[in-house]
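# Fold and geometry: a report
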Amino acid sequence: MDTLLLARLQFAMTASVHFLFVAVTLGLVTLLVGMQTAWVVTGNPRWERLTRFWGQLYVINYVLGIATGIVMEFQFGLNWSGLSRYVGNVFGAPLAIETLAAFFLESTFLGMWIFGWHRLRRAAHLALLYGVAITAYVSAFWIMVANSWLQNPVGYEVRDGVAQLTDFPALLTNPALWMALGHVVSAALLTGGLLMAAVSAWHLDRRTIDHALFRTSLRIGLVTAALSITLVQGFGFAQFGPVGGIQPTKFGGNPEADALIADWTARFGPGDYLPPALSDVGLGFMILIGFALGLLWLLVPLLWRDWIIRLRFPLWLLMLALPLPFIALILGWIAREVGRHPWVAYGLLPVDQAVSPVSPWLMATSLVGFTLLLGTLAVTNWVLLARHAARGAADPALGRPPAQPPADDSRPEPAFA
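Right, let's walk through the structure included here. These numbers were taken from a predicted model, which means no experiment stands behind them.

Thresholds applied
Residues numbered from 1 in each chain as written. Predicted model: local features only at pLDDT ≥ 70, side-chain atom pairs only at ≥ 80, totals over all residues. Heavy atoms only, no water. Core = buried A, V, L, I, M, F, W, Y, C linked by side-chain atoms within 4.5 Å. Buried < 20%, exposed > 50% of the residue type's maximum accessible area, 1.4 Å probe, protein only. Helix = DSSP H or I, 4+ residues; strand = E, 2+ residues; numbered from the N terminus. Contact = heavy atoms within 4.5 Å. Patch = residues over 30% accessible without salt bridge, like charges linked within 9 Å, V, L, I, M, F, W, Y side chains within 5 Å. Areas by Shrake-Rupley, 256 points an atom, 1.4 Å probe, with all protein chains shown as cover. Salt bridge = Lys/Arg side-chain N within 4 Å of Asp/Glu carboxyl O. Expected span 1.5 Å × (residues − 1). Arc of directions from axis to C-beta.

### Concerning the nonpolar core
- Within the largest apolar cluster, 124 residues are counted, with the highest numbers of intra-cluster contacts made by Trp54, Leu83, Trp149 and Leu318.
- Take this core: its biggest share by element is 20 residues, from helix 1 (residues 3-42).
- When neighbours within four sequence positions are excluded, Trp54 is seen to be in contact with Leu28, Leu32, Met35, Leu195, Met196, Val199, Ser200 and Ser217.
- Formed by 5 residues, the second largest nonpolar core is a distinct cluster that contains Ile261, Trp264, Tyr273 and Tyr346.

### Quick word on a nonpolar patch on the surface
- Together, Trp304, Trp307, Leu311, Phe313 and Leu317 make up an exposed nonpolar region whose accessible area comes to about 540 Å².
- Listed by contribution, the elements that provide at least two residues to the nonpolar patch are helix 12 (307-311) and helix 13 (313-321).
- Note on placement: Trp307 falls in helix 12.

### Overview of the pattern of salt bridges
- Applying the stated criterion across every chain, the model contains 9 salt bridges.
- With a closest N to O distance of 2.8 Å, Arg215 and Asp306 form a salt bridge. In this pair, Arg215 sits in helix 7 (residues 211-238) while Asp306 sits in the loop between helix 11 (277-293) and helix 12, placing the two residues 91 residues apart along the sequence.
- Take Arg215: its relative accessible area is 28%, and that puts it in the partly exposed class.
- Here Glu337 and Arg340 are joined by a salt bridge, their closest N and O atoms 2.7 Å apart. The exposure classification of Glu337 matches that of Arg340, with both residues buried.
- Beyond isolated ion pairs, a larger network of salt bridges with shared partners links Arg52, Asp395 and Arg400.

### Let's talk about helix 10 (residues 255-268)
- Between its first and last C-alpha, helix 10 extends 20 Å over 14 residues, near the 20 Å set by a 1.5 Å rise per residue.
- Within the sequence span of helix 10, burial applies to Ala257, Ile261 and Trp264. Down the axis, helix 10 shows its buried residues gathered within 65° of arc, on one side only. With respect to the buried face of helix 10, the exposed residues turned more than 90 degrees away are Pro255, Glu256 and Ala266.
- The inward-facing, buried residues of helix 10 abut helix 9 (248-251) and strand 3 (343-345).
- Once helix 10 finishes, Gly269 follows within two positions and takes phi at roughly 95°, a positive value.

This is the structure in structure tokens:
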């Protein structure tokens, strides 16, 4: 067994599973903000019920997603001590900001929002949800800042064999950052929108009693997904130019790549500096899924006069399409991360110098343990989401009014002298 291969498999598994939770969280919270805002502005109880129903699914996914994130963070110190030691002063800065300024605030706002139903004014309660959404986007931003630095190290210099941050603004203007951030955010909106549309389609196909409610969420989800896939495609194709400039070896077969490989061979020794074919395979299938999901625009006109519900087969198409954005997320992650192999930090730190010096058997044991743990969390998440989604929006537990004490009908007993 090879320690490096086992460590890479472990990180690939934990990062990809956690990424799926993040996409659902980021997508759903954006839609929740819109629905609760509509409730506060209009006072229509339909929007309150929608907020409670979808908010409950959001909370389930968020709580279990935290656990997957904690598991993933452990690996930086356990499996990749070389990464922490060599580039931790640079790579760790945005991660620390994300944890302190974004994640803690997000969790605090969410807890207050969950327990603030019927205890806070509507405007104050809505402000908490806005805080959850804003800090979620801030968290995603700093994670992408850290990841983009690994894709294209900037704003640093190596002193005493350790990379030191010398230009913090350079992290924020990294060419690998902004288009990738737009791509990830729009992919999360696509995932949340299609999840909402698919669950609504399931209830409408079964003709549940909450027909009007899920008719509304179907419209919201489908329109959001259709708009988002256009953004996903735009940001995705817009990355080819910058990525080809900062990572010439990702696509290979060009003079810039050949010159860079010659330089790396002189500095780091001979080796295979081209990424494996898996990167191109992931990219190709992701593009195919992106084009397939672009057909969502053909379903939008069917919302007129509820043709999408009368025909019924479009409802099945939405349900069948639900796994596609999740598959595309994994394939996109493979294309971005595997495409910079054999580097952890592109052109700066090879993966074989970043892995921790632990025995293969210990790495294999942690791989099996983390796989079982994350598999359990993922299955639990989807079982709970499916169970609560199937119950409908009649009376979700989230935001349920507190039980009123029984009325006291007792009469005072007459007093005797």
